[in-house]
Amino acid sequence: MRDDRGKVRVIDGNKAAAYGVLLCRPDVISCFPITPQSALGEALSSFVADGLLDAEIVEPEGENSALSSLIGASVAGGRTFTSTSSQGLSFMYDAYLFTAGNRLPVVMAIAMREQVAPHGVVAGQQDAVLVKDGGWIQLYAESCQEILDTIIMAYRLAEDPEVLLPVNVCYEGFYLSYQSQRVEIPRQDEVDRFLAPVGGGGRLRLCPENPMTFSSYTVPGSLYTEYRVKHCAALQRAKGKWDAIDEEFKGVFGRGYGGQIEEYRSEDAEVLIVSMGCATGTARGVIDRERERGGSVGLLKIKMFRPFPVERLLKALRGKKAVGVIDRNVSYAWSCGHGYLEIRSLLSDIEGAPPRVLNFIAGLGGDDVTPAHVERAVEMTCAAAEGRSVKPVTWLSLE
Amino acid sequence: MRFQSPYEAPWASPEPELDIKTGEWRFQRPVTKVGKCRQCGWCYIFCPLGCIEERETHFAANLEYCKGCGICARVCPAKAIAVVRE
């Protein structure tokens, strides 16, 4: 494969992710093919075959083995990468929890795809969102450029000695995995400098010179509780760290994403639309048009879904009249989307009168989230802001 | 909050005092009758925990780890091991 580091190229999301990984120089890579993520693993194998990347490629017989082999490599102190989608992620579930609980800084891309059933080899967010309480950090990207940049920043966050947690970089399959966009591919020396603060071998690792019991059977319960508390605390620390990493990245590479959340034309707005993933681009355009028409509408993009950006959101939602959350995923039990559920949990902590919060489910089963969907969400959220009675959850594509 | 481990994750030093004392799970224990033991070592071979130790005159279980399963008593050809309630 041609070496395009340091150049501007039109590449798809999988290729952008592969360049992000190449630039971070992982020691071990193990990906099992599943649509729509397969091309990412293929690109990484090509990088190694063509001598651009000095990494060990493990060819596993399934996703559980893919992540399990990285657990071993990570415990030995290596920088590791895997990627998957949908049922591949489900098949990893045991290893997924094991990675987080043992605080191993694995980075995994999820080219998000609908989760069975019904069977759907189409875009969605259900796979990644379902593992929201697996103890990983989850970052969602809006564009191919953002995928590449987020992978680089993800290693900086994962391997931070005060964090030491695995990170998912999530992007909608099909929409981003296969869509080609303009991407600036950083130079290797720039990324080397950016990642220099981590990866120096400072973390605890299993080696014959310093024998340790790893993932030891943890008794008594108070010790078990202690590791749970430490895990929660590390996730909380990751929030501020991420804002700082994003800021530093912007200084070096000229591109920033707002940290945990991006606030777009939201500061003076009375009504906010909340979005996560690639549909944010569509929402941005709609918000611009609404603004031209004099509407008081802004946009919040949730970039970091895990840990949830509670403090930043409490600030951003203060004084707003109504908030419309667009979700490309479903919580069966609550008959709504997960973003809505999470934002509803914040309401009682918002200073002053809390906003009305509405939910709009769109883009399931590979459907587009269209400008018309977002316009409808804006219209209904504005109606709620004016005090009119509006139903809390709307399934936009079934209206 | 009071913490017991210096580590962020369930890692530990392999030194024995930090290991799990599986002997705490036991409700019965093997007792070797010293004069009857022929030191053939069958109990040592069959013990699923590997906690039988060879002493000068006989074999006996390390009670810090012995779970009291009784396999050593069952396999002993000299019937030199009794299983007694704790």
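All values reported here derive from a predicted model rather than from experimental measurement.

The figure often quoted for interface size is the accessible area lost as the parts come together. Taken residue by residue, the interface counts 13 residues in chain B and 20 residues in chain A. Of the residues that constitute the side of chain B that touches chain A, the class distribution is nine nonpolar, three polar and one charged. Where strand E9 (residues 213-214) of chain A and strand E1 (residues 11-12) of chain B come together, two bridges link them in antiparallel fashion. Across the sheet, the residue bridging to Thr-213 of chain A is Ala-12 of chain B, located in E1 of chain B.

Among the nonpolar cores identified, the biggest contains 122 residues, and Ile-151, Ile-273 and Ile-326 of chain A are the most heavily contacted of them. In terms of residue count, helix H7 (residues 144-158) of chain A provides more of this core than any other element does, 10 residues in total. Mapping this core onto the domain boundaries places at least three of its residues in each of domain 1 (8-201 + 216-253) and domain 2 (261-398) of chain A. Residue contacts for Ile-151 of chain A: discarding those within four places in its chain leaves Ala-17, Gly-20, Val-21, Cys-24, Val-107, Ala-109 and Val-169 of chain A. In terms of nonpolar packing, the next biggest core, distinct from the first, is built from 12 residues, Cys-43, Phe-59, Tyr-65 and Cys-72 of chain B among them.

Now for the packing of H7 of chain A against helix H8 (residues 188-195) of chain A. All names here are of chain A. Between H7 and H8, whose axes approach to 10 Å, the crossing angle comes to 25°. Put simply, H7 runs roughly parallel to H8. Crossing angle aside, the handedness with which H7 passes H8 is right-handed. Where H7 abuts H8, its residues Ile-152, Tyr-155 and Arg-156 lie against Val-191, Phe-194 and Leu-195.

Further remarks concern the packing of helix H10 (residues 279-292) of chain A against helix H13 (residues 371-385) of chain A. Residues and elements named next belong to chain A. At a closest axis distance of 9 Å, the pairing of H10 and H13 adopts a crossing angle of 55°. Between H10 and H13, the interaxial angle falls into the category oblique. Of the two elements, H10 crosses H13, and the hand of that crossing is right-handed. Listed contacts from H13 to Thr-282, Ala-283, Gly-285, Val-286 and Glu-290 of H10 are Pro-371, Val-374, Glu-375 and Val-378. Residue classes in the contact of H10 with H13 are distributed as five nonpolar, two polar and two charged.

Okay, the environment of Glu-24 of chain B next. Tracing the sequence through the fold places Glu-24 of chain B in the loop between E1 and strand E2 (28-32). Along the primary structure Glu-24 of chain B and Gly-68 of chain B are separated by 44 residues, whereas in three dimensions their C-alpha atoms are 9.9 Å apart.

Time to look at the domain arrangement of chain A. Residues and elements named next belong to chain A. One can read the domain layout of chain A as domain 1 (8-201 + 216-253) and domain 2 (261-398). Its C-alpha centre places domain 1 at a distance of 27 Å from the equivalent point of domain 2. Opposite the 26 residues of domain 1 that make contact, domain 2 presents 20 residues. Among the elements that line the side of domain 1 that touches domain 2, the one with the most residues is helix H9 (residues 221-253), at five residues. Here the residues of the side of domain 1 that touches domain 2 are counted per class, giving 14 nonpolar, seven polar and five charged.

Further remarks concern the pairing of strand E15 (residues 356-361) of chain A. All names here are of chain A. Within E15, six of the six residues are buried, which leaves the element mostly enclosed by the surrounding structure. Where burial is concerned, the two faces of E15 agree: the one with Arg-356, Leu-358 and Phe-360 and the one with Val-357, Asn-359 and Ile-361 are both buried. Two elements, strand E14 (residues 322-327) and E15, share six bridges in a ladder whose sense is parallel. Residue pairing in the sheet places Val-325 in a bridge with Asn-359 of E15. Where the polypeptide runs from E14 across helix H12 (residues 338-346) and back to E15, its parallel neighbour, the crossover connection is right-handed. Relative to strand E16 (residues 393-395), E15 is paired through three bridges, and the arrangement is parallel. The residue bridging Asn-359 from the neighbouring strand is Val-393, located in E16. Note on the crossover from E15 through H13 to E16: the handedness is left-handed.

Here we come to the pairing of strand E12 (residues 297-302) of chain A. Residue and element names in this part refer to chain A. Counting buried residues in E12 gives six out of six residues, a clear majority hidden from the surface. Here E12 shows a buried face lined by Val-297, Leu-299 and Lys-301 and a second buried face lined by Gly-298, Leu-300 and Ile-302. Direction of pairing for strand E11 (residues 271-275) relative to E12: parallel, over a ladder of five bridges. Of the residues in E12, the one forming a bridge with Leu-272 is Gly-298. Viewed along the sheet, the connection from E11 through H10 into E12 turns out right-handed.

Calculation notes
The written sequence of each chain sets the order in which its residues are numbered from 1. As a convention, the first chain written is A and the first ligand written is 1, with the rest following in written order. Given that this is a predicted model, residues contribute local features only at a pLDDT of at least 70 and side-chain atom pairs are listed and counted only at 80 or more, while totals for whole chains, interfaces and linings are drawn from all residues. Once C-beta atoms are placed from the backbone, any two residues with those atoms within 7 Å are in contact. Here the nonpolar group is Ala, Val, Leu, Ile, Met, Phe, Trp, Tyr, Cys and Pro; Asp, Glu, Lys and Arg are the charged ones; every other residue, Gly included, is treated as polar. Here, any two strands with at least 2 DSSP bridges between them count as paired. Numbering of helices and strands starts at the N terminus; helices are DSSP runs of H or I of at least 4 residues and strands are runs of E of at least 2. Take the buried Ala, Val, Leu, Ile, Met, Phe, Trp, Tyr and Cys residues, join any whose C-beta atoms are within 7 Å, and the set you get is a nonpolar core. Partly exposed residues are those falling between the two cut-offs: more than 12 but fewer than 20 other C-beta atoms within 10 Å of their own, whereas 20 or more means buried and 12 or fewer means exposed, with C-beta atoms placed from the backbone. The domain boundaries here were taken from an automatic or database domain assignment. Only the contacting stretch of a helix is used when fitting its axis, a line to C-alpha atoms as for every element, and angles between N-to-C directions run 0 to 180 degrees. Geometric relationships in this document are graded by angle, where less than 35 degrees denotes roughly parallel, more than 145 denotes roughly antiparallel, 65 to 115 denotes roughly perpendicular, and other angles denote oblique. For any helix crossing, the convention is left-handed if the near helix is rotated counterclockwise from the far helix by under a right angle, and right-handed if that rotation is clockwise. By convention, orient the strands away from the viewer: a clockwise path from the first strand over the helix to the second makes the crossover right-handed.

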